[in-house]
Amino acid sequence: MDLIDLRSDTVTRPGPGMRKAMHDAEVGDDVFGDDPTINQLQERVAALFGKEAAIWTPTGTMANQIAIGSLAGQGEEIICDRGAHIVNYEGGAISALWGAQSLVVDGERGIFGPEDVRAVLRRGDNEHFPRQRAVALENTHNRGGGSVWPIAQMRKVAALAHEAGLAVHLDGARLWNAHVVSGVPLLEYGALADTVSVCLSKGLGAPAGSLVASTRERVMRMRRLRKRLGGGLRQAGVLAAAGLYALDHHIERLAEDHQNARRLAELVREIPGLSCEPRLVETNLLFVDVAVKGGSRALVAAARSEGVLCNAEGAGERIRLVTHLDVPASAIPEAAQRLRQAATAL
Ligand code: TLP
């Protein structure tokens, strides 16, 4: 029985075309700035977002964190949603690495408004206060269920942040998905943020690689932070080639993942004990509320024995199902059937 792996869109394996691109990549030592393929990818991503420069990192976490480290330091503050990846899934890096703290607001599925930011702005230069430095947005929002920020709302939040003298960081690990659904040009996303991080290793299917696009000066600062974290890779062009291939071939097809996730939601909601709202499935992440014996952990274990891999998420009884490049449309009914067997066996 072939496993259907719905744990994350990070589980994809590079196909023949991507492997050939990696095989053929021209490389050099990127710490010296000599890797032509890395340079090409960095220039391309900078141009996509209308920025002066970009820096490649092995992971999305490192991309977010060097961006944050370039924006905030000891005793300083980043405003973001309570469910943000930078707060919940990056090992406490904001404080552990930079000595900064997060101030969280309660968005709706990860999406908040200018009024939420205004409510937590610290007025004046009171010695009691942490210095606020940036507002971080996440689009699509992972814990929000792959939700897509309306561009008008992003603009309003960014404008307020800038008015208040704060920078805007955009965690765009899945910004490609948002772009495909919303039709908003990448340049528009780039225009409202001071630092934009994107991942090539999620929906786009590369084995590794993220980038941050920003000003040339900030990218130079981020290079120093990346080095400090041990992220100065040498012949990284082998990985950058996979990223270039992914940009050429795997952006538009994300629409299929979105359709598959919606279809899966329609089938899963018919399973007794599982509930989800297909209308809210905007991209490739599907959160399902679980009311079966033993809860989400029991369901995850039962699903595994039926040949479906998925993860329990967060504190509540929820599982997350993620569609991606390695899950064809034809596997969706089979995945739902296996989940039905798992749920009814409990
Ligand atoms: N998210 C992973 C896990 O860490 C939860 C996943 O499976 O979804 N920003 C966002 C919005 C992300 O979802 C992720 C990865 C990252 C950053 C970090 O990327 P990596 O895993 O490359 O460090």
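Before any of the text, the structure's been laid out above.
Caption draft 1: Fine view of the site of the ligand. Not every one of the 14 residues close to the ligand is listed here, only the nearest: S8, G60, T61, D171 and R174. D171 has a polar side-chain atom sitting 2.8 Å from a nitrogen atom of the ligand. Side-chain polar atom of R320 to an oxygen atom of the ligand: 2.9 Å apart, as the coordinates give it. Look at the ligand: alone it shows 510 Å² of surface, and the protein chains cover 82% of it.

Caption draft 2: Focus on the side chain of S214. Considering the arrangement of structural elements, one finds S214 in strand β8 (residues 210-214). Overall, S214 belongs to the buried group, its relative accessible area being 1%. A distance of 2.8 Å separates the side chain of S214 from the backbone oxygen of D194, its partner in a polar contact. In this view, S214 contacts K51, E52, A53, D194, T195, V219 and M222; residues no more than four positions away in its chain are not counted.

Caption draft 3: Main features of the sheet that holds strand β9 (residues 274-275). What the four strands build is an open sheet, ordered β9-β10-β13-β12; its pairing is antiparallel. In this open sheet, the two strands that pair with only one neighbour each are β9 and β12 (311-312). Pairing between strand β10 (residues 285-290) and strand β13 (residues 318-322): five bridges, direction antiparallel. Bridge pairing in β13 places D289 opposite R318.

Caption draft 4: Expanded view of helix α2 (residues 36-48). Over its 13 residues, α2 extends 18 Å from the first C-alpha to the last, a length consistent with the 18 Å expected when each residue adds 1.5 Å. For α2, the set of buried residues is T37, I38, L41, Q42, V45 and A46. For α2, the buried positions fall inside an angular range of 170° around the axis, keeping them on one side. Summarising the geometry of α2, the exposed residues directed more than 90 degrees from the buried face are E43 and A47. Where α2 begins, the capping side chain belongs to D35, and its oxygen is found 3.0 Å from the backbone nitrogen of T37. Looking one or two residues past α2, G50 carries a phi angle of roughly 70°, positive in sign.

Caption draft 5: Quick look at the packing of aromatic side chains. Counted according to the given criterion, the structure contains two aromatic pairs. Ring geometry for F112 and W149: centres 5.1 Å apart, planes at 85°, overall edge-to-face. Here W149 lies in the loop between β5 (131-138) and α7 (151-163) and F112 lies in the loop between β4 (101-105) and α6 (114-120), a separation of 37 residues in the sequence. The same class applies to F112 and to W149, which are both buried. The side chain of R122 reaches across the aromatic face of F129, ending 6.0 Å from its centre. Here the basic side chain of R318 rests over the ring of F287, its NZ or CZ set 4.1 Å away from the ring centre.

The rules we used
Residues numbered from 1 in each chain as written. Predicted model: local features only at pLDDT ≥ 70, side-chain atom pairs only at ≥ 80, totals over all residues. Heavy atoms only, no water. Near = heavy atom within 4 Å. Polar contact = N/O pair within 3.5 Å; in protein donor to acceptor, adjacent residues only side chain to side chain. Areas by Shrake-Rupley, 256 points an atom, 1.4 Å probe, with all protein chains shown as cover. Helix = DSSP H or I, 4+ residues; strand = E, 2+ residues; numbered from the N terminus. Buried < 20%, exposed > 50% of the residue type's maximum accessible area, 1.4 Å probe, protein only. Contact = heavy atoms within 4.5 Å. Pairing = 2+ DSSP bridges. Expected span 1.5 Å × (residues − 1). Arc of directions from axis to C-beta. Phe/Tyr/Trp six-rings, centres within 6.5 Å; stacked < 30°, edge-to-face > 60°. Lys NZ or Arg CZ within 6 Å of the ring centre and 35° of its normal.

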